[in-house]
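Descriptive structure summary
Each chain, written out:
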Amino acid sequence: ESLRDNRTWVVVGKPSNAKPLASRFVFKLKLDADGAIERYKARLVARGDQQVEGVNYQDTFSPVMDMTTARIIFAFGAVWGNPPRHGDIPVAYTRASPEENLELFMYPPKGMTLTKEEEASGGKKPVLKLLKNLYGLKQAGRLWNQMLDEKLRELTFKQSSVDMCLYYKITKTTLVLVGVYVDDLLVTSNDLKLVDDFFEAMKAFDVKDLGTATKFLGIKIEYETPCSYSMSQRTMILNLIEQFGMKDAKPVGTPIAEVVFSAEDMHLLSDQEASLFRTLAGALLWITRCTRPDIGFAVHQMTRRTHAPRMCDFKIGKRILRYLAGTSDYRLDIAKLGDEATIHFEVFTDADWSSEGTDRKSVNAALMYMNGMLVSWHCNKQALVALSTMESEFVSAANGIREAMGCYHLVKELNQSIHLPILLRMDNQAAIASIMNEASSSKTKHVDIKHKFIKDLYRHKLIKPSYVTTTDMKADILTKIMPGSTFVRLRSLIGMNAPGYHEGKIRGGVLDGTV
């Protein structure tokens, strides 16, 4: 009825040259932040898998907000003491019209009863001519994003050149930020009245103001104060563990351990097993990306061969699930440091030289903080073979600073005061000396572009490398397998803690990595 009321379609007789799409109903439980049933949802979706390019769709690309940008919005909320508000746009895709010069037809779904008027207009072969998009269509996301973009520009918001899904409005004394992830909005400002004004202006889209963001994309957000919060995904983790039959598995203290795999473990998975493996890999990558940097290295090791996964890769994934089973309620605790409104960036970079046994490439990692709040992390294999520890650390620094400069340009675009230089924390004195040394070195010529990139930033006083001991190197948790005690110390150092955690009071089992 809501689709009829929205004039989503009209019933017509089937044109002779038309190829109508089939449809189906999708039923889903909507859960709250604690995993309790919030409501039951039924959605009519079109069979987009039956679409043909150029016949009933053209372009499909639709951007979504990067999770680093989302965490930066939360960080700005903490700096201002105004946590972001969550907006939800119901039946968003059905608000946009189909592409011009393309007609879309769909068979009436099972169980749909036509009115007398519809029966008369449909004749012997009634079909639905779509006047609006439906979920399931390949182009629906793109057309909805274009419609929302037009509305935000109409409200004088500007689109960020760094992240296409971040919109902002600047005056002499105020700044409003709007992050868009399909039909979910994150809105914050240094003036709360402007947030209220935004939701009032968006009433044309029936935007639901869900209040302070406590659940966003399945992430639970809890606030200690307006300037400190925590993020967790306990519900998703428990559902994933149950999905893979690991509910009664014994928890372990670390997500990955030194294991010698047998020859049988190196065989390729069957097609059915590979499909299950990729489902698990995708879910773990999402969890890592959102709230769990502590499993970043383990997931990196697991997903190196997703094109041709082996049993040993699946076993790593199952160990990660066992680790998550014992730490499902862990939260990423984030708090603003200091009272300054000026934005400070700090980057920790590290590398594990020549750690990949097959090609001797190194693994690099980085953690980036904004005013003491963790907003970005990554772990990946370097593209080249480093000839020394210094070179691998140098390449890792270049990759970490590249991410930091993206965030720097985003904040600069928002006309916010930024403290320079950006602090680059490294645990290799030779790499630091190479960055600060004006002379060129024959030892770094084969990484010449990265070398000049990072040296140029240092020369213009945009970055400042400084030494931290390996003990205090937070990014080390993303580079290698380590003993349980070291892992737990670094996990706590980056803010990954159990609810009610107090340093030095919780020991034993999963919490100290001894299991």
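Bear in mind the structure is a predicted one, so any value in this text is a computation, not a measurement.

1. Overview of the overall build of the protein
Scanning the protein for helices and strands turns up 13 helices and 21 strands. Relative to the globule expectation of 24 Å for 515 residues, the C-alpha radius of gyration of the protein, 26 Å, shows essentially globular dimensions. For the C-alpha atoms alone, the extent of the protein along its principal axes is close to 80 × 65 × 50 Å. The proportion of buried residues among the 515 residues of the protein is 50%. A separation threshold of at least 6 residues defines the contact pool for the protein, and within that pool the share at least 24 residues apart is 73%. Element-wise, carbon and sulfur atoms account for 51% of the exposed surface of the protein, whose accessible area totals about 24,400 Å². Positive and negative side-chain charges in the protein, numbering 67 and 60 respectively, have mean positions lying 2 Å apart.

2. Let's talk about the sheet that holds strand 5 (residues 105–106)
As summarised here, the arrangement of the three strands in space is 1-6-5, forming an open sheet in which the pairing is antiparallel. Among the strands making up the open sheet, the edge pair consists of strand 1 (9–13) and strand 5. As judged from the two bridges shared by strand 5 and strand 6 (residues 126–130), these two strands associate in the antiparallel manner. Within strand 6, the residue paired with Phe105 across the bridge is Lys129.

3. Section: the layout of surface pockets
Gaps between atoms show up when a probe of the same size as a water molecule is rolled over them. As a volume, the second largest pocket reaches approximately 710 Å³. Looking at the lining of the second largest pocket, the elements with two or more residues in it are helix 8 (296–302) and helix 9 (311–326). Of the residues forming the lining of the second largest pocket, the biggest block, five residues, is contributed by helix 9. Residues belonging to the lining of the second largest pocket are distributed by class as follows: 11 nonpolar, five polar and 11 charged.

4. Let's talk about the side chain of Ser376
Considering the arrangement of structural elements, one finds Ser376 in strand 18 (residues 373–381). Classification of Ser376 as buried rests on a relative accessible area of 4%. At a separation of 3.0 Å, a polar atom in the side chain of Ser376 contacts the side chain of Glu403.

5. Some remarks on empty space enclosed by the protein
By the definition in use, this model includes four cavities of 30 Å³ or more. Of the volumes computed, that of the largest cavity is approximately 80 Å³. Every residue lining the largest cavity is listed: Thr254, Pro255, Ile256, Asp294, Phe297, Ala298, Ile477, Lys480, Ile481, Met482 and Phe487. Within this model, the second largest cavity holds a volume of roughly 40 Å³. Considering the residues around the second largest cavity, the lining is formed by Met67, Arg71, Phe74, Phe216, Ile219, Ile221, Met231 and Cys290. For the lining of the second largest cavity, the secondary structure elements donating two or more residues are helix 2 (67–80) and strand 13 (219–225). The element best represented in the lining of the second largest cavity is helix 2, accounting for three residues. Residue composition of the lining of the second largest cavity, grouped by class: seven nonpolar, no polar and one charged.

6. Things to note about the environment of Ile295
Note on placement: Ile295 falls in the loop between helix 7 (271–290) and helix 8. Taking C-alpha positions, Ile295 is 9.3 Å from Leu285, a pair spaced 10 residues apart along the chain. If sequence neighbours within four positions are ignored, Ile295 has contacts with Pro255, Leu284, Ile287, Thr288, Ile320, Tyr323 and Leu324.

7. Here's the deal with the sheet that holds strand 13
Pairing within the open sheet is antiparallel, and its five strands lie in the order 12-13-14-15-21. Strands with a single pairing partner mark the edges of an open sheet, and in this sheet they are strand 12 (215–216) and strand 21 (496–497). Pairing between strand 12 and strand 13: two bridges, direction antiparallel. Looking across to strand 13, one finds that Lys215 is bridged to Lys220.

8. Description of the pairing of strand 10 (residues 184–189)
Of all six residues making up strand 10, six are buried, and the element is well covered by its neighbours. As paired strands, strand 9 (residues 175–181) and strand 10 are joined by six bridges and run antiparallel to one another. Bridging across to strand 10, Val180 finds its partner in Leu185. In textbook terms, the turn of a hairpin is the stretch between consecutive antiparallel strands, and for strand 9 and strand 10 this stretch comprises two residues, one of which, Val182, has a positive phi near 60 degrees.

9. With respect to the environment of Phe105
Along the chain, the position of Phe105 falls in strand 5. Given a relative accessible area of 9%, Phe105 falls into the buried group. Apart from the residues lying within four places of it in its own chain, the contact partners of Phe105 are Val12, Pro15, Ala18, Lys19, Pro20, Leu21, Val127, Leu128 and Lys129.

10. Overview of the packing of helix 10 (residues 389–413) against helix 11 (residues 429–436)
Where helix 10 contacts helix 11, the axes come no closer than 8 Å and their chain directions differ by 60 degrees. If you check the angle between helix 10 and helix 11, you find them oblique. As for the relative orientation of helix 10 and helix 11, their crossing is right-handed in sense. Mapping the contact onto sequence places Met390, Glu393 and Phe394 in helix 10 and Ala430, Ala431, Ser434 and Ile435 in helix 11.

11. Concerning a nonpolar patch on the surface
Taken together, the side chains of Leu29, Ile37 and Tyr40 make up a nonpolar region of the molecular surface, amounting to roughly 350 Å² of accessible area. If you trace the backbone, Leu29 turns up in strand 2 (residues 23–31).

12. Here's the deal with the pairing of strand 4 (residues 85–88)
Side chains of strand 4 alternate between two faces, with Arg85 and Gly87 and His86 and Asp88 buried alike. Sheet topology places strand 4 next to strand 10; four bridges connect them, and they run antiparallel. Looking across to strand 10, one finds that Asp88 is bridged to Asp184. In terms of strand pairing, strand 4 meets strand 11 (residues 208–212) through three bridges, oriented antiparallel.

13. Structural notes on the pattern of salt bridges
One pass over the structure, following the stated rule, counts 21 salt bridges. Residues Asp149 and Arg153 are paired through a salt bridge, measuring 2.9 Å at the closest nitrogen-oxygen approach. With Asp149 and Arg153 both in helix 4 (residues 140–154), this residue pair falls four residues apart, about one helical turn. Here Asp149 falls in the buried class, since its relative accessible area comes to 15%.

Cut-offs and rules
Residues numbered from 1 in each chain as written. Predicted model: local features only at pLDDT ≥ 70, side-chain atom pairs only at ≥ 80, totals over all residues. Heavy atoms only, no water. Helix = DSSP H or I, 4+ residues; strand = E, 2+ residues; numbered from the N terminus. Rg over C-alpha atoms; globule rule 2.2 N^0.38 Å. Buried < 20%, exposed > 50% of the residue type's maximum accessible area, 1.4 Å probe, protein only. Contact = heavy atoms within 4.5 Å. Areas by Shrake-Rupley, 256 points an atom, 1.4 Å probe, with all protein chains shown as cover. Lys, Arg positive; Asp, Glu negative; His and termini not counted. Charge placed at Lys NZ, Arg CZ, Asp CG, Glu CD. Pairing = 2+ DSSP bridges. 1 Å grid on protein atoms, 1.4 Å probe; cavity = no way out; pocket = protein on both sides within 12 Å on 5 of 7 lines; lining within 4 Å. Points joined across faces, edges and corners; volume = space filled by probe spheres on them. Nonpolar A, V, L, I, M, F, W, Y, C, P; charged D, E, K, R; others polar. Polar contact = N/O pair within 3.5 Å; in protein donor to acceptor, adjacent residues only side chain to side chain. Axes fitted to C-alpha atoms, helices over the stretch in contact; angles between N-to-C directions. Parallel < 35°, antiparallel > 145°, perpendicular 65-115°, else oblique. Left-handed = near helix turned anticlockwise from the far one by under 90°. Patch = residues over 30% accessible without salt bridge, like charges linked within 9 Å, V, L, I, M, F, W, Y side chains within 5 Å. Salt bridge = Lys/Arg side-chain N within 4 Å of Asp/Glu carboxyl O.

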